[in-house]
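Summary of structural features
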Amino acid sequence: MVAAALISVQANHAKAEEFDIVQSRESFVGLISQRELTRFGIRLTVTPDGAINGRAFGTPVTGAWDWNGGYFCRDLFWGDTDLGFNCQMVQIRESTIRFTSDRGAGNYADLSLQ
């Protein structure tokens, strides 16, 4: 399911210690400014002013985000499908950015910074 990919359902046992935790809004904005986040079939822009735009498997993705308590908190829509609100831990390793749902307790999705 396409929506599942956007909700961070990738199950993998890669060690979290291989990634550095992004701890501040300023650090996050520094990573995403003027860049796209990509993954097979997904291309997103997350802007410093709090917007999320792009496409996933041919369907528009829109949303809004804020940084709250050390987490990337977003509302997201895939076409007309409301994927809901979720606060996610953000980690970085080289050009891979990882979003882990439920404040780091859930599933994760890795995207490439382009």
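Criteria and thresholds
- Residues numbered from 1 in each chain as written.
- Predicted model: local features only at pLDDT ≥ 70, side-chain atom pairs only at ≥ 80, totals over all residues.
- Heavy atoms only, no water.
- Helix = DSSP H or I, 4+ residues; strand = E, 2+ residues; numbered from the N terminus.
- Buried < 20%, exposed > 50% of the residue type's maximum accessible area, 1.4 Å probe, protein only.
- Contact = heavy atoms within 4.5 Å.
- Areas by Shrake-Rupley, 256 points an atom, 1.4 Å probe, with all protein chains shown as cover.
- Phe/Tyr/Trp six-rings, centres within 6.5 Å; stacked < 30°, edge-to-face > 60°.
- Lys NZ or Arg CZ within 6 Å of the ring centre and 35° of its normal.
- Salt bridge = Lys/Arg side-chain N within 4 Å of Asp/Glu carboxyl O.
- Disulfide = S-S within 2.5 Å.

Our focus in this paragraph is the overall build of the protein chain. From N to C terminus, the protein chain includes 2 helices and 9 strands. Secondary structure of the protein chain in N-to-C order comes out as α-β-α-β-β-β-β-β-β-β-β. When burial is assessed residue by residue, the protein chain has 39% of its 114 residues classed as buried. The long-range share in the protein chain, meaning contacts at least 24 apart out of those at least 6 apart in sequence, stands at 39%. For the protein chain, the computed accessible surface area is about 6200 Å², with 49% contributed by carbon and sulfur atoms.

A separate point is the packing of aromatic side chains. Inspection of the entire model under this criterion finds 7 aromatic pairs. Its end group placed over the ring of Tyr-108, Arg-98 keeps NZ or CZ at 3.8 Å from the ring centre.

This part covers the environment of Glu-26. Mapped onto the fold, Glu-26 is located in helix H2 (residues 25-32). Its relative accessible area of 60% is what places Glu-26 among the exposed residues.

This part is about the pattern of salt bridges. It is possible for side chains of opposite charge to pair when their charged atoms get near one another. Overall, the coordinates contain 3 salt bridges when judged by the stated rule. Close ionic contact of Asp-110 with Arg-98 constitutes a salt bridge, the shortest N to O distance being 2.7 Å. Residue Asp-110 is located in strand E9 (residues 108-113), and its partner Arg-98 is located in strand E8 (residues 96-100); the two are separated by 12 residues in the primary sequence.

A separate point is the state of the cysteines. A covalent bond bridging the sulfur atoms of two cysteines is what the word disulfide describes. Tallied over the entire structure, the rule returns 1 disulfide. Paired by a disulfide, Cys-73 and Cys-87 hold their sulfur atoms 2.0 Å apart. Taking the sign of the S-S torsion, 110 degrees for the link of Cys-73 and Cys-87, the bridge is right-handed. Placement of Cys-73 in strand E6 (residues 71-78) and of Cys-87 in strand E7 (residues 81-93) is noted, with a sequence separation of 14 residues between them. In this pair, the class of Cys-73 matches that of Cys-87, namely buried.

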